[in-house]
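Chain and residue survey
Here's the letter readout for the chains.
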Amino acid sequence: MLVALNEADELVTLRSHEQAKGLSGQRFRCPACRGELRIKNGAQLIAHFAHKDNACKTSSEPESETHLAGKWWLAKFGAQIGETVTLETYYPEIQQRADVVWEHQGRQRILEFQCSGISPERIKARTDGYQSLNLEVIWIAGPQYLTRWPGSKQARFLRWGKDMGFHLWQLDPAKQAMTLLQLTSQAIVETEYRQGLPTRRQTRVYVEPLASRAKAIQAALVHRAPAVMQLQARASGQGLNLAGAPWLMHQALRHLPGLDAPEWAIRAAWLLRFQHQPIEKAAEAAFWQQYSSVRAPQLPEGLLQAAVRRQWLAVLTTGGYLQESATGWQWRRVPRWYDTVDEKLQALGQAGLS
Ligand SMILES: [Zn+2]
């Protein structure tokens, strides 16, 4: 912690080793639980307060050097972009202590910098707490979550906004950089911010080679991964081999994490359900209800499914496979399944897609 109450019940923010030295001998208490605090002022770590005995439950995580450094980074960056910054504001109504609060023209934003492990359920509970006070909270993923390719581990940080679309924030205090990942329907767009003026860096497009995606399914079959074996059982019921599933399963993925199954597996299940018949609207809508987005607790239920579905239907219609009708969709041609992964890879080479 960086903020404590002194004996006169005033809030004191620890800003430097020198200040901490000057305060030694005074008594401090936690603004949230009123427990006694001591000053930690070692040579290596950032000066901070620590509870003498009890662990305080008002923060989303135990204190660490990375967490302290991240809070200071966000405080300095916020001040540079014109925000009024407060560290560790305590909200007694909900018994939550925010890491950093930015305020600009009456608009408050809570920043929670998450370094330790946290479950989607706990993120949801704390987000609900802030929302009950009409406060916007932005969760920022710490070093253990950093990636350029968000998966189910990162889905808990996934947000959606009108202007920004699907996105998530990451901060690495060691690199002194905060990154915004926007998951658009064409690409993952990374923007890096450093202290000083915010700088928009290059747009990166991350695409896995198609061949490696097909091989990954083959590997999952060899390892008999339960979800994949279930799909394989459904495929072989129709005389098909999952390892030879159509290339469409891997093309133009939406790359949104947080649903119960990988996007390719959802597409494969969809094909196995619908590829032999005209598609009724109600049945197609019902298909998507089997997937939940509890791993992405900051999104309203249904939003992820809708985005993944929209992209898949676009792949099928623009590719000339499906045609919309009054009651749903008609097949114009059915995507080709291959007998084996080798045959599938060979077709890729012939099409010059690899
Ligand atoms: Zn406390």
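Going along each chain's sequence as written, the residues are numbered from 1 onward. This being a predicted model, a pLDDT of at least 70 is required before a residue's local features are given, and a value of 80 or more before pairs of side-chain atoms are given or counted; all residues contribute to the totals for chains, interfaces and linings. Each side-chain value is worked out from all heavy atoms of the structure, with water and hydrogens disregarded.

A word on helix H8 (residues 303–318). For H8, with 16 residues, the first-to-last C-alpha span of 22 Å sits near the 22 Å given by 1.5 Å per residue. Note on contacts: a residue pair qualifies if any of its non-hydrogen atoms lie within 4.5 Å across the two residues. Segments assigned H or I by DSSP are reported as helices when at least four residues long, segments assigned E as strands when at least two residues long, and all are numbered from the N terminus. Tucked into the core, H8 has its buried residues touching strand S13 (165–172), helix H6 (263–274), helix H7 (281–288), strand S17 (322–324) and strand S18 (328–331). Positive phi shows up at Gly 320, right after H8, with a value of about 80°. The length a helix should cover is 1.5 Å for every residue beyond the first.

Glancing now at the packing of aromatic side chains. The pairing test for Phe, Tyr and Trp rings, Trp by its six-membered ring, is centres within 6.5 Å, and the orientation test on the planes gives stacked under 30 degrees, edge-to-face over 60, and tilted for anything in between. For the coordinates displayed, the defined rule picks out 14 aromatic pairs. Relative to Tyr 193, the ring of Trp 169 has its centre 5.8 Å away and its plane inclined at 40°; by these criteria the two rings are tilted. Highlighted residues: Trp 169 in strand S13 and Tyr 193 in strand S15 (residues 188–194), separated in sequence by 24 residues. In this pair, the class of Trp 169 matches that of Tyr 193, namely buried. Exposure is judged per residue with a 1.4 Å probe applied to protein chains only, and the accessible area is read against the type maximum: over 50% gives exposed, under 20% gives buried, and values in between give partly exposed.

In this document the domain limits rely on a domain assignment from an automatic tool or a database. Along its sequence, the protein is carved into domain 1 (65–70 + 107–206) and domain 2 (210–351). Computed from C-alpha coordinates alone, the two centres of domain 1 and domain 2 are separated by 29 Å. Buried area: the accessible area, evaluated with a 1.4 Å probe, that two parts lose upon being put together, summed over both parts. When residues of domain 1 are sorted by the area they lose upon contact with domain 2, Leu 158, Phe 166 and Ser 185 head the list and together hold 34% of the total. Salt bridges are defined by distance alone: a side-chain nitrogen of Lys or Arg within 4 Å of a carboxyl oxygen of Asp or Glu. Scanning the region where domain 1 abuts domain 2 turns up zero salt bridges. Of all the secondary-structure elements, those providing two or more residues to the side of domain 1 that touches domain 2 are helix H3 (120–132), strand S11 (136–141) and strand S12 (159–161). With three residues, the top contributor of residues to the side of domain 1 that touches domain 2 is H3. Put simply, Ala, Val, Leu, Ile, Met, Phe, Trp, Tyr, Cys and Pro go in the nonpolar bin, Asp, Glu, Lys and Arg in the charged bin, and everything else, Gly too, in the polar bin. Among the residues forming the side of domain 1 that touches domain 2, the class breakdown is twelve nonpolar, four polar and three charged.

Turning to the side chain of Gln 305, a few remarks are in order. Note that Gln 305 resides in helix H8. In terms of polar contacts, Gln 305 uses its side chain to reach the backbone carbonyl oxygen of Tyr 291, at 2.7 Å. With residues up to four places along the chain from it excluded, the contact list for Gln 305 reads Leu 259, Trp 288, Tyr 291, Ser 292 and Ser 293. Whenever a nitrogen or oxygen atom comes within 3.5 Å of another N or O atom, the pair is scored as a polar contact, on the condition that within protein one atom can donate a hydrogen and the other can accept it, and that pairs from neighbouring residues in sequence are kept only if both atoms are in side chains.

The angle between two axes is taken between their N-to-C directions and runs from 0 to 180 degrees, where each axis is a line fitted to C-alpha atoms and a helix contributes only its stretch in contact. In the contact formed by helix H5 (residues 226–237) and H6, the axes pass within 10 Å of each other and the chain directions differ by 20°. Here H6 runs roughly parallel to H5, going by the angle between their axes. Crossing of H5 against H6: the hand is left-handed. Across from Val 228, Leu 231, Arg 234 and Ala 235 in H5, the residues of H6 making contact are Trp 264, Ala 265, Ala 268, Ala 269 and Leu 272. Classifying every residue of the contact of H5 with H6 gives eight nonpolar, no polar and one charged. Should an angle fall under 35 degrees it is called roughly parallel, over 145 degrees roughly antiparallel, and 65 to 115 degrees roughly perpendicular, with every other angle called oblique. For any pair of crossing helices, the crossing counts as left-handed if the nearer helix is rotated counterclockwise from the farther one by less than a right angle, and right-handed if it is rotated clockwise.

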